[in-house]
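Topology and contacts: notes
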Amino acid sequence: MNGVLATASLFYVRSRVQRWFFALALASLAARSLFLNLDCGCSRPTSSWYFLAEMVSVMPVLGFAIASLMSSGGLFRTVSSLRTVYLIPRSRAQLASGLLLAQVLAAALVTIVVVTLGPSPARPMGWGSVRGTFEYVFGAATLALVALQLIAGPSRVASLLAGALTLAFLGEFDLFMQPEVAGLPTPDVLALAALAAWLAFAAWYSNSGPIAPVAAVWRARRALSRTSPSSTTRKAAIDTYLLGHPSLWLACRRPLSFWTLYIAGFGVVMGLRPFQFTHMRHVPPPDFSVAALLAQLAMASISNSLAGNIARQSRTLWLRSGDSRRALFARAERLAWRALALVGVPFVLAAAAAWTFLPHLFTHPVFPLAVYLTVAPCGLYSGLLNFTRTRDLPFLLFFLIVSQGGVIAAMLQEDNPHLPVGGVPLGFWLLPVGLALLAAAMRRIAQQRWRQIDWLRYRAPRASSLGVRAVE
Amino acid sequence: MNAPVVSTRGLGKVLGEKPVLRGISIDVEPGSVVGLLGKNGAGKTSLLEVLLGFSPATSGTASVFGADSFSMPADVKRRIGFVPQQDELLELLTGAEQLALNASLHPHWDRALIDRLVRDWEVPLDRRIQVLSGGERQKLATLLALGHAPDLLVLDEPAASLDPIARRRLLREILDIAESPTRTVLFSTHIVADLERVANQVWILREGAIVWQGDLDALKESVVRVTITAREPLPAALGIEHVLSQRLEDRRAQLVVTGWHDALPAALEDRFGAEVAVEHLSLEEIFLEMHA
């Protein structure tokens, strides 16, 4: 039983990212509850501030759900791949039971929150009722997790598509909106489908042989080059060491393909909207605004992870390149900017094409573009400050807040000729200006930190596999 | 007298709250082969990383070829070859690509030496590094440090993943390097036999402090096991200095002492009216006694 409980904890509160999001989600729900009880007139459903508060309070909860499901999918797979776990009798049965128990516990918690804070149920078995809410959440979470186990499946393209579609559907899922409105099946059907999926997964999982870890499946299989060059230039060699890859394009390829598929998945879901809502009287038109916004947003995330990689690789050049710490920073910064340009240009062009040729509800792309163009350098310098092997959590949170701010600002825009460029009030433009100033300040901090880097403190963990950390 | 290749004075390092190096003062002469011995967590890697400028010292000073370690200029770094404990190879490259990459970073690259070592050590260059075994990776990492013929070669547990044949070949190479009077080797290990085979100087590190530094033969001569067999019961306090360990059983005492000299047996015989037997220890026994 202890093994089952320990596995269940893996899904929502095991890693630091999960706990951060969990705390943030709880705080936002508490703030929402407080806000709705205020007697200021702004808590009326007709107020635009009410709409804004609804959006802001739901975002961290969605962020928690997405981050937890994604990271726990990987963690579960990694633990499953450990040989030490494989050799424990009945370990697979315990892990599969833990997966189910975690979803039951999560659904129970969400049900309590929704029944306490959410809307009244429209139907006896609808969203907001105890049974309906529990079955919706349990069904959605279990189906998502079983689908995510495909990440370590035999085909990387299929895995990526499954992950992208799961993420996209999760992005569509609104905790306080009635799922039946969003086109989801009835709660009983969803819960039964989830149970059937889990049973099929558990039967396969308990009887399968050793499972490959996620990293092994994601490892590039093609040879990078058929020939072994006898020489290369000094600059190319330094760039290769900094990137950990023989070319900038190869270093960018994985995050680029992930984001491209994610955006494509989102685009597919958005494009299918008219079919999804056929049971409703008013069928919403297809809307590709969010996919276009995501395309602009991707460059900040990618530049952050690439710059973090560059910062961690810098140690390898301390003796080899002969550069001082200051010169190394200058090299790293230049390379990170090149990476940002490489990923930024195609994404901005793709977003521009989406705004031009695809149907969208938001009228002005300029303001969110300005926000995302200024948040990207923040991501870059935050990455250059991240010498540890863990994810850049502060930036991840900052990124989510700013990106959601950009989305919300875009949603509040109106096609009003009296408003200045961008369809937003002038005060809104302080956000990109502030972000640009923040990037400049972060650059200064990064320069100073690099002059004192202690690589001994930032050494890679002796066992680099996620699995070892997962079971520590 | 030649200027020391590596020199430290009162070197200390604190990581978080924990002191990992304490008051280390050492000099390494050119042409030495220094073996750094210590159990896991003694501070061997920390000491090497501070010496090579990867990490700033919390107190004291460290210099290499006369330059401050933390801000070594390029011409000093070029004279150093380093094999870290965890290799820093690029997983996606082949061995040949990794060697070519390193060669392009150095103005002089001894291709003939590397080609010979690749053959002798049987390093597969056509496979990606991510599929190489631990020993093959270690050999490749060592090749990367040797190609530019460094004046100071620093190896952090270089033989940990090697099979006995590969270990012997690596040590032979270190001995070849050591034949040059201007080239210096500094390596850490916990394999005592390796150290005995190649080092002429030894530093023994315990809890971040150096408890012995100097000539290997001098260490072996100065640390002995003394067995005292008396006719009367021996006192609990024998009053002998520099005792590493002591076992006392009524009329018999067995001690391991440092700073041994020839006059000591006679002095002990006179003091306790006892027979004194002296036994020299192997380096491994000395190391174990120092950590007892």
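In this text the structure is predicted, and so the values were computed from the model without any measurement.

**A closer look at the overall build of chain A**
Counting its secondary structure elements, chain A contains 19 helices and zero strands. Across the 472 residues of chain A, 50% fall into the buried class.

**Some details on the overall build of chain B**
A count of helices and strands for chain B gives ten helices and 14 strands. Dimensions of chain B, computed from C-alpha atoms along their principal axes, come out at roughly 75 × 40 × 40 Å. Out of the 292 residues in chain B, the part that is buried amounts to 57%. Sequence-distant contacts in chain B: of pairs separated by 6 or more residues, those separated by 24 or more amount to 66%.

**Side note on the state of the cysteines**
Residues and elements named next belong to chain A. By the definition in use, this model includes zero disulfides over all chains. Not part of a disulfide, C252 finds its nearest cysteine sulfur in C378, a span of 19 Å. A relative accessible area of 0% places C378 in the buried class.

**Overview of the interface of chain B and chain A**
Counting residues at the interface gives 40 residues for chain B and 44 residues for chain A. Counting each side, the surface lost to burial between chain B and chain A is near 3,400 Å², with a carbon and sulfur contribution of 54%. Among the residues chain B hides against chain A, the three largest losses belong to F54(B), K77(B) and L105(B). Together they make up 20% of the total. Notably, a salt bridge pairs E49(B) with R315(A), separated by 2.7 Å at the nearest N-O pair.

**Here we look at the domain arrangement of chain B**
All names here are of chain B. Taken domain by domain, chain B consists of domain 1 (6–216) and domain 2 (223–290). Opposite the eleven residues of domain 1 that make contact, domain 2 presents four residues. Of the roughly 720 Å² buried between domain 1 and domain 2, counting both surfaces, carbon and sulfur atoms make up 82%. Summed over the shared surface of domain 1 and domain 2, the result is zero salt bridges. Here domain 1 and domain 2 share one residue pair in polar contact (both at pLDDT 80 or more) between them. For the side of domain 1 that touches domain 2, the secondary-structure elements that each account for two or more residues are α7 (192–198), β9 (201–206) and β10 (209–215). Looking at which element gives the most residues to the side of domain 1 that touches domain 2, the answer is α7, with three residues. For the side of domain 1 that touches domain 2, the class distribution of residues is seven nonpolar, one polar and three charged.

**Quick notes on the sheet that holds strand β2 (residues 18–28) of chain B**
All names here are of chain B. The strand order across the open sheet built from four strands is β2-β1-β4-β5, with neighbouring strands paired in antiparallel fashion. Edge positions in the sheet fall to β2 and β5 (67–68), since each of these pairs with one other strand and no more. Relative to β5, strand β4 (residues 59–64) runs antiparallel, the two sharing two bridges. In the strand pairing of β5, V64 is matched with A67.

**Some points on the pairing of β9(B)**
Look at any regular strand and the pattern is simple: side chains alternate between the two faces of the sheet. Residue and element names in this part refer to chain B. Judged from the four bridges that link them, strand β3 (residues 33–37) and β9 form a sheet pairing that is parallel. Bridging from a neighbouring strand, V34 pairs with Q201 of β9. Where β9 lies against β10, six bridges are found, and the strand directions are antiparallel. Counted as the bridge partner of I204 is W212 from β10. Between β9 and β10, which pair antiparallel in sequence order, lie two residues; one of them, E207, sits at a positive phi of approximately 50°.

**Description of the pairing of β2(B)**
All names here are of chain B. Bridge count for strand β1 (residues 6–15) against β2 is seven bridges, and the pairing is antiparallel. Within β2, the residue paired with S7 across the bridge is D27. Here β1 folds back onto β2 in antiparallel fashion, the turn holding two residues, of which G16 has a positive phi close to 70°.

**Quick word on the side chain of E97(B)**
Position of E97(B) among the secondary structure elements: in helix α3 (residues 95–103). Among the polar contacts made by the side chain of E97(B), one reaches the main-chain amide nitrogen of T94(B) at a distance of 2.9 Å.

**As for helix α10 (residues 234–243) of chain A**
Residues and elements named next belong to chain A. Buried residues dominate α10, accounting for seven of its ten residues. Looking only at α10, the buried set comprises A237, I238, D239, T240, Y241, L242 and L243. Two residues or fewer past α10, G244 is found with a positive phi of approximately 80°.

**Structural notes on the nonpolar core**
Of all hydrophobic cores here, the largest spans 145 residues; its most connected members are L384(A), W450(A), L47(B), I80(B), L143(B), L152(B) and L219(B). Here this core takes 14 residues from helix α13 (residues 289–313) of chain A, the largest share from any one element. Excluding anything up to four places from it in sequence, W450(A) contacts A311(A), S314(A), R325(A), L328(A), F329(A), A332(A), L384(A) and F387(A). Counting residues in each nonpolar core, the second largest holds 31 residues, with A8(A), Y12(A), F138(A) and A202(A) among its members.

**Quick notes on the side chain of E157(B)**
Residues and elements named next belong to chain B. One can find E157 in the loop between β7 (152–156) and α6 (164–178). Look at E157 and you get buried, because its relative accessible area is 10%. With sequence-adjacent residues up to four places away left out, E157 is seen in contact with K44, Q85, Q138, S188, T189 and H190.

**Some remarks on the packing of helix α5 (residues 91–117) of chain A against helix α8 (residues 187–207) of chain A**
Residue and element names in this part refer to chain A. Between α5 and α8, the least distance of the axes is 9 Å, while the angle of their chain directions is 160°. Between α5 and α8, the angle is such that the two are roughly antiparallel. Our pair here, α5 against α8, has a crossing hand that is right-handed. Between α5, through R92, A93, L95, A96, S97, L99 and L100, and α8, the contact on the second element is made entirely by L195, W198, F201, A202, Y205 and S206. Here the contact of α5 with α8 is composed, by residue class, of ten nonpolar, two polar and one charged.

**Observations concerning unusual backbone geometry**
Residues and elements named next belong to chain B. A positive phi angle is found at E157, which is not glycine, with a value near 50°. Of note, E207 is a non-glycine position whose phi angle comes to about 50°, a positive value. Tracing the sequence through the fold places E207 in the loop between β9 and β10. Given the relative accessible area of 57%, E207 is considered exposed.

**Concerning the environment of W249(A)**
Residue and element names in this part refer to chain A. With respect to the secondary-structure elements, W249 resides in helix α11 (residues 248–271). Sequence spacing of W249 and R90 is 159 residues, and the spatial spacing of their C-alpha atoms is 45 Å. In contact with W249, other than residues within four places in its own chain, are L256 and L342.

**Quick word on the sheet that holds strand β13 (residues 252–257) of chain B**
Residues and elements named next belong to chain B. Pairing in this open sheet of four strands is antiparallel, and the strands run β12-β13-β11-β14 from one edge to the other. At either margin of the open sheet sits one strand with a lone partner, and together these are β12 (243–249) and β14 (274–280). Neighbour to neighbour, the strand axes of the sheet diverge by 15° on average, direction disregarded. Pairing analysis gives six bridges linking β12 to β13, with the strands arranged antiparallel. From the neighbouring strand, Q246 faces β13, where its bridge partner is L255. Here helix α9 (residues 264–272) sits on the sheet and contacts β11 (224–230) and β14; the angle it forms with β14, its principal contact strand, is near 150°. Packed on one face of the sheet, helix α10 (residues 283–290) meets β11, β12 and β13 and runs near 80° to β12.

About the cut-offs
- Residues numbered from 1 in each chain as written.
- Chains lettered and ligands numbered in written order.
- Predicted model: local features only at pLDDT ≥ 70, side-chain atom pairs only at ≥ 80, totals over all residues.
- Heavy atoms only, no water.
- Helix = DSSP H or I, 4+ residues; strand = E, 2+ residues; numbered from the N terminus.
- Buried < 20%, exposed > 50% of the residue type's maximum accessible area, 1.4 Å probe, protein only.
- Contact = heavy atoms within 4.5 Å.
- Disulfide = S-S within 2.5 Å.
- Buried area = accessible area lost by both parts, 1.4 Å probe.
- Salt bridge = Lys/Arg side-chain N within 4 Å of Asp/Glu carboxyl O.
- Domains from an automatic or database assignment.
- Polar contact = N/O pair within 3.5 Å; in protein donor to acceptor, adjacent residues only side chain to side chain.
- Nonpolar A, V, L, I, M, F, W, Y, C, P; charged D, E, K, R; others polar.
- Pairing = 2+ DSSP bridges.
- Core = buried A, V, L, I, M, F, W, Y, C linked by side-chain atoms within 4.5 Å.
- Axes fitted to C-alpha atoms, helices over the stretch in contact; angles between N-to-C directions.
- Parallel < 35°, antiparallel > 145°, perpendicular 65-115°, else oblique.
- Left-handed = near helix turned anticlockwise from the far one by under 90°.

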